[in-house]
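Breakdown of the fold
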Amino acid sequence: MTSLFVSHGAPTFALEPGLAGPALSQLGTELPRPTAVLVVSPHWMTQEVQVGLSEVPPTIHDFRGFEPAMYELEYPAHGHPSLAKKALSLLDNAGWKPVADAHRGLDHGAWVPLTYLYPGASVPVFQVSLPANLDSQSAYQLGQVLAPLQEEGVLIVGSGSLTHNLYEVRWRDNNSAEYAKAFSQWVREAVLENDQARLINTLALAPHARRAHPTTEHFLPLLVALGAAGPDARGSVIEGGVEHGVLSMDSFIFRNA
């Protein structure tokens, strides 16, 4: 079983690949071809967990203030309603009280990184929302609940950002902030040491955690991916560098031993 955490950074990642874009493209050629991709993104947050059942999910341009080219981008992937319904069943059986959404499209937390991972929208995609009341432990548990979908060939992707302090973004200054580098290095070490307990407690233990994540929603998808991989998972790093001074673009792949 394999799961993935991707840092999607700013929406402009779609047009500015940096280090992370080519690395994700290479990864997409190396991974076994999935039946579908399930994405959990902080840009679809709901009270109760929801699952997208759309057969052809539209591309959602859920951002503003960017150049016109951003709003012309499309990711016309098919959905996978039958596998999405299996996700609903798994969540329901685990007591999560899921809700189906037959019309939900793909937010930029999904389609922007998938533009590199699977260009041409060649793999079906569906999303599971991020419940608003999630904490670190329950994010890990969400991944555990969804894990059996991997037996159906589903690649589970948590999409977020390894650091995400939008108050300090420097659009024209790419010198990496020291706190962002320190937080990222701490997480990288925990991933490479396969220390799941440390990762689950990152937001309480890591240096500069509150500054790196003033809110938690862009970190929790990492723990969803970790939970999906299982307790014996082995992690590796996909180098992404730091964009706009404070947005670490590192991603992680977790493989069950």
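What comes next concerns the included structure. (Residues numbered from 1 in each chain as written. Predicted model: local features only at pLDDT ≥ 70, side-chain atom pairs only at ≥ 80, totals over all residues. Heavy atoms only, no water.)

1. A short note on helix 4 (residues 108-117)
Summarising burial for helix 4: 9 of the 10 residues are buried, a large majority. For helix 4, the complete set of buried residues consists of His108, Gly109, Ala110, Trp111, Val112, Pro113, Leu114, Tyr116 and Leu117. Of the surrounding secondary structure, the elements contacted by the buried residues of helix 4 are strand 1 (2-7), helix 1 (20-30), strand 2 (36-46), helix 2 (68-72), strand 5 (125-131) and strand 6 (154-160). The N-cap of helix 4, judged by a side-chain oxygen 2.8 Å from the amide nitrogen of glycine 109 a few residues on, is aspartate 107. (Buried < 20%, exposed > 50% of the residue type's maximum accessible area, 1.4 Å probe, protein only. Helix = DSSP H or I, 4+ residues; strand = E, 2+ residues; numbered from the N terminus. Contact = heavy atoms within 4.5 Å. Polar contact = N/O pair within 3.5 Å; in protein donor to acceptor, adjacent residues only side chain to side chain.)

2. Quick look at the packing of helix 1 against helix 4
Helix-helix packing: each pair is described by the crossing angle between the helix axes and the interaxial distance. Where helix 1 meets helix 4, the axes come as close as 7 Å, and the angle between the chain directions of the two elements is 65 degrees. Of the residues in helix 4, those touching helix 1 at Gly21, Leu24, Ser25, Leu27 and Gly28 are Pro113, Tyr116 and Leu117. (Axes fitted to C-alpha atoms, helices over the stretch in contact; angles between N-to-C directions.)

3. Describing the pattern of salt bridges
Under the defined criterion, the tally for this structure stands at 8 salt bridges. Across the pair glutamate 178 and lysine 181 runs a salt bridge whose closest N-O atoms are separated by 3.0 Å. With a gap of 3 residues between them, glutamate 178 and lysine 181 both fall in helix 6 (residues 178-192), about one helical turn apart. Given the relative accessible area of 38%, lysine 181 is considered partly exposed. Across the pair arginine 188 and glutamate 239 runs a salt bridge, and its minimum N-O distance is 2.9 Å. Here glutamate 239 lies in the loop between strand 7 (233-238) and strand 8 (242-243) and arginine 188 lies in helix 6, a separation of 51 residues in the sequence. (Salt bridge = Lys/Arg side-chain N within 4 Å of Asp/Glu carboxyl O.)

4. Let's talk about the packing of aromatic side chains
Across all of its chains, the model carries 7 aromatic pairs by this definition. Note on phenylalanine 63 and tryptophan 111: the rings are 6.4 Å apart at their centroids and 50 degrees apart in plane angle, and the pair reads as tilted. Residue phenylalanine 63 is found in the loop between strand 3 (50-52) and helix 2, and its partner tryptophan 111 is found in helix 4; the two are separated by 48 residues along the sequence. With respect to burial, phenylalanine 63 and tryptophan 111 carry one shared label: buried. For the pair phenylalanine 252 and phenylalanine 254, a centre-to-centre distance of 6.5 Å together with 45 degrees between the ring planes defines the contact as tilted. Judged by its relative accessible area of 2%, phenylalanine 254 falls in the buried class. Geometry around tryptophan 186 places arginine 198 over its ring, the cationic atom sitting 4.3 Å from the centre. (Phe/Tyr/Trp six-rings, centres within 6.5 Å; stacked < 30°, edge-to-face > 60°. Lys NZ or Arg CZ within 6 Å of the ring centre and 35° of its normal.)

5. Some details on empty space enclosed by the protein
Taking a probe equal in size to a water molecule and rolling it over the atoms shows the remaining empty space. The final tally for this structure, using the stated rule, is 2 cavities of 30 Å³ or more. One number sums up the size of the largest cavity: a volume of about 50 Å³. Forming the boundary of the largest cavity are Trp44, Gly52, Leu53, Ser54, Pro57, Arg104, Gly105, Leu106, Val125, Phe126 and Gln127. Examining the composition of the lining of the largest cavity, we find that 3 residues originate from one element, strand 5, more than from any other. Looking at the lining of the largest cavity residue by residue, the classes come out as 6 nonpolar, 4 polar and 1 charged. Estimates place the volume of the second largest cavity at around 30 Å³. Lining the second largest cavity we find Ala190, Val191, Asn194, Gln196, Leu199, Leu226, Ala233, Gly235 and Phe254. If you list the elements that add at least two residues to the lining of the second largest cavity, you get helix 6, helix 7 (196-200) and strand 7. (1 Å grid on protein atoms, 1.4 Å probe; cavity = no way out; pocket = protein on both sides within 12 Å on 5 of 7 lines; lining within 4 Å. Points joined across faces, edges and corners; volume = space filled by probe spheres on them. Nonpolar A, V, L, I, M, F, W, Y, C, P; charged D, E, K, R; others polar.)

Everything listed is a geometric property; what it means functionally is a separate question.
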